[in-house]
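# Fold and geometry: a report
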Amino acid sequence: MAKKLFVGGLNWKTTDDGLRHAFERFGEVTEAKVITDRETGRSRGFGFVTFVDSNAADSAISEMNGTQLEGRTIQVNEAQQRGFRGPSGGGFRSRDRAAGR
């Protein structure tokens, strides 16, 4: 079963390909996306990685959370679906952010 991870604390220069490359050693990645600002196109410092296998995603969380990626310490945890947010609908976010941590 697929599992989506939230990755926070990204270097502003991290690309979708760089994010994919950092995580694909744990298993098959179906999507790696760095979130960008709609107006400027610049990175917002976080992204999402989706794994085909939930065990691979769990391994990535345990091994990558708190490690360095491109000179920055990253936060990695399971993404949680957010509720409805206007015309664009819901989205995903960090479980820790949802809990106010």
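Relevant structure appears above.
Let me sum up the structure you'll find in this document. What you see is a predicted model, and the numbers here were worked out from it, not measured in a lab. (Residues numbered from 1 in each chain as written. Predicted model: local features only at pLDDT ≥ 70, side-chain atom pairs only at ≥ 80, totals over all residues. Heavy atoms only, no water.)

## Remarks on the overall build of the chain
Per the secondary structure count, the chain includes three helices and seven strands. Overall, the chain shows an N-to-C arrangement of helices and strands of β-α-β-β-α-β-β-β-β-α. When the 101 residues of the chain are sorted by exposure, 36% land in the buried category. Expressed as a percentage of contacts within the chain between residues at least 6 apart in sequence, the contacts between residues at least 24 apart total 55%. Of the accessible surface of the chain, which amounts to about 6,200 Å², a share of 44% is contributed by carbon and sulfur atoms. (Helix = DSSP H or I, 4+ residues; strand = E, 2+ residues; numbered from the N terminus. Buried < 20%, exposed > 50% of the residue type's maximum accessible area, 1.4 Å probe, protein only. Contact = heavy atoms within 4.5 Å. Areas by Shrake-Rupley, 256 points an atom, 1.4 Å probe, with all protein chains shown as cover.)

## Quick look at helix α2 (residues 54-64)
Regarding α2, the residues found buried are A56, A57, A60 and M64. Taken end-on, α2 shows its buried residues confined to a sector of 100 degrees, consistent with a single buried face. Away from its buried face, by an angle of more than 90 degrees, α2 presents the exposed residues N55 and S62. Elements in contact with the buried residues of α2: β1 (3-8), α1 (16-23), β3 (43-51) and β6 (75-81). By the N-cap criterion, in which a side-chain oxygen at the helix start approaches the backbone nitrogen of a residue two or three places on, α2 is capped by D53, the distance to N55 being 3.3 Å. G66 occupies a position one or two residues after α2 and carries a positive phi of about 85 degrees. (Arc of directions from axis to C-beta. Polar contact = N/O pair within 3.5 Å; in protein donor to acceptor, adjacent residues only side chain to side chain.)

## Details of unusual backbone geometry
Despite not being glycine, E70 shows a phi value in the positive range, around 50 degrees. Examined against the element boundaries, E70 turns out to sit in the loop between β4 (68-69) and β5 (72-73). Take E70: its relative accessible area is 41%, and that puts it in the partly exposed class.

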